[in-house]
Each structure stands twice: as structure tokens, then as C-alpha cells.
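The lines below spell out each chain.
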Amino acid sequence: MKTKVIVFIGSFLTVFAENKTETFIVKGGNCDECKIHIEKAALSVPGVSIVDWDRESKDLQVVFDDTKTDVDTIQKAIAKRGNDTPNHKANEEAYNELPPCCKYE
Ligand SMILES: [Cu+2]
């Protein structure tokens, strides 16, 4: 019985871990490939659980566990794959490798 209670409290804490939602602009083209590319980059960061990039507004909404990561780390991961974020400029090499439809400059 005691074990059951502890397991219950444990899963309760996991579900309600510090999930934070943030939105910031990520530059990209207007195509699905950009959406997949940007969302994949954000999801590659441990602690990020939900991502949604809007092709029109370029807004990226991220939900993450703020005991594991932060906005700066997420933006760095995206910039490394070739897309500009408010705090980090895109890696030039990665940008050059993007498909033509995804160039935004
Ligand atoms: Cu694209």
C-alpha cells in the first residue's frame, strides 16, 4: 500500500513538472519543410515536449521543462541548424545547406 502511494505521488510530480510555454520568432521560409526542420531542431533539445511553428507569423511556440532547459538553449539549437532566432544568429554553413525554398534572406 505504501509503495502504491509513493508511486502515485511520483507520477503526479512528473506530470506537473515545471512546464513552461514560450513563444518567439524563428525566421524561415513559407513551406512545410521549414516547419519540420525548425520543429525538429527545437525538439532535439532535452526537456522540450511540444513545439509548433507558424509558417505565416513565424512564431514558434515551445513547451519545455524549465528544470532541464531554457529559451536560450532552444534558440541556440535552432540557430545551429540554420534559422535565425531573437538571441542567436543562424549558423551560416547550416543556412547554406537549407533547401532553396527555405532561404529567408
Ligand atoms: Cu522551407
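In this report, the structure presented in the accompanying data block is examined. (Residues numbered from 1 in each chain as written. Predicted model: local features only at pLDDT ≥ 70, side-chain atom pairs only at ≥ 80, totals over all residues.)

## Some points on the overall build of the chain
To keep it simple, the criterion reads: By definition, any uninterrupted DSSP run of H or I lasting at least four residues is a helix, any uninterrupted run of E lasting at least two residues is a strand, and each is numbered from the N terminus. In this description, any two residues whose backbone-derived C-beta atoms lie within 7 Å of each other are considered to be in contact.
Along the chain, the regular secondary structure elements total four helices and three strands. At a minimum sequence separation of 6, the contacts of the chain that also span at least 24 residues come to 54%.

## Let's talk about the environment of Val 62
Positionally, Val 62 belongs in strand E3 (residues 59-65). The residues contacting Val 62, other than those within four sequence positions of it, are Glu 22, Ala 42, Val 48, Val 51 and Ile 74.

## Side note on helix H3 (residues 71-80)
Selection rule: Put simply, a residue is buried when 20 or more other C-beta atoms lie within 10 Å of its own C-beta and exposed when 12 or fewer do; between those, it is partly exposed, and each C-beta is set from the backbone. Note that the arc is computed from the directions linking the helix axis to the C-beta atoms.
Listing the buried residues of H3 in full gives Ile 74, Gln 75, Ile 78 and Ala 79. Projection of H3 onto a plane perpendicular to its axis shows the buried side chains occupying an angular sector of 135 degrees, all on one side. If you follow the buried residues of H3, they end up packed against strand E1 (19-25), helix H2 (32-43), strand E2 (48-53) and E3. After H3 finishes, the residue Gly 82 shows a positive phi value of roughly 110 degrees.

## Comments concerning the packing of H2 against H3
Note the following rule: Every axis corresponds to a line fitted to the C-alpha atoms, with the helix fit spanning only the stretch in contact, and the corresponding angles, defined between N-to-C directions, vary from 0 to 180 degrees. Geometric relationships in this document are graded by angle, where less than 35 degrees denotes roughly parallel, more than 145 denotes roughly antiparallel, 65 to 115 denotes roughly perpendicular, and other angles denote oblique. The hand of a helix crossing depends on one turn: near helix anticlockwise from the far one by less than a right angle means left-handed, and clockwise means right-handed. By the convention adopted, Pro, Cys, Tyr, Trp, Phe, Met, Ile, Leu, Val and Ala count as nonpolar, Lys, Arg, Asp and Glu as charged, and the other residues, Gly among them, as polar.
Across the interface, H2 lies against H3 with an axial gap of 8 Å and an inter-helix angle of 135 degrees. Taken together, the axis directions place H2 and H3 in an arrangement best described as oblique. The handedness of the crossing between H2 and H3 is right-handed. Only Ile 74, Ala 77 and Ile 78 of H3 make contact with H2, whose side of the interface consists of Ile 38, Ala 41 and Ala 42. A class-by-class count of the residues in the contact of H2 with H3 yields six nonpolar, no polar and no charged.

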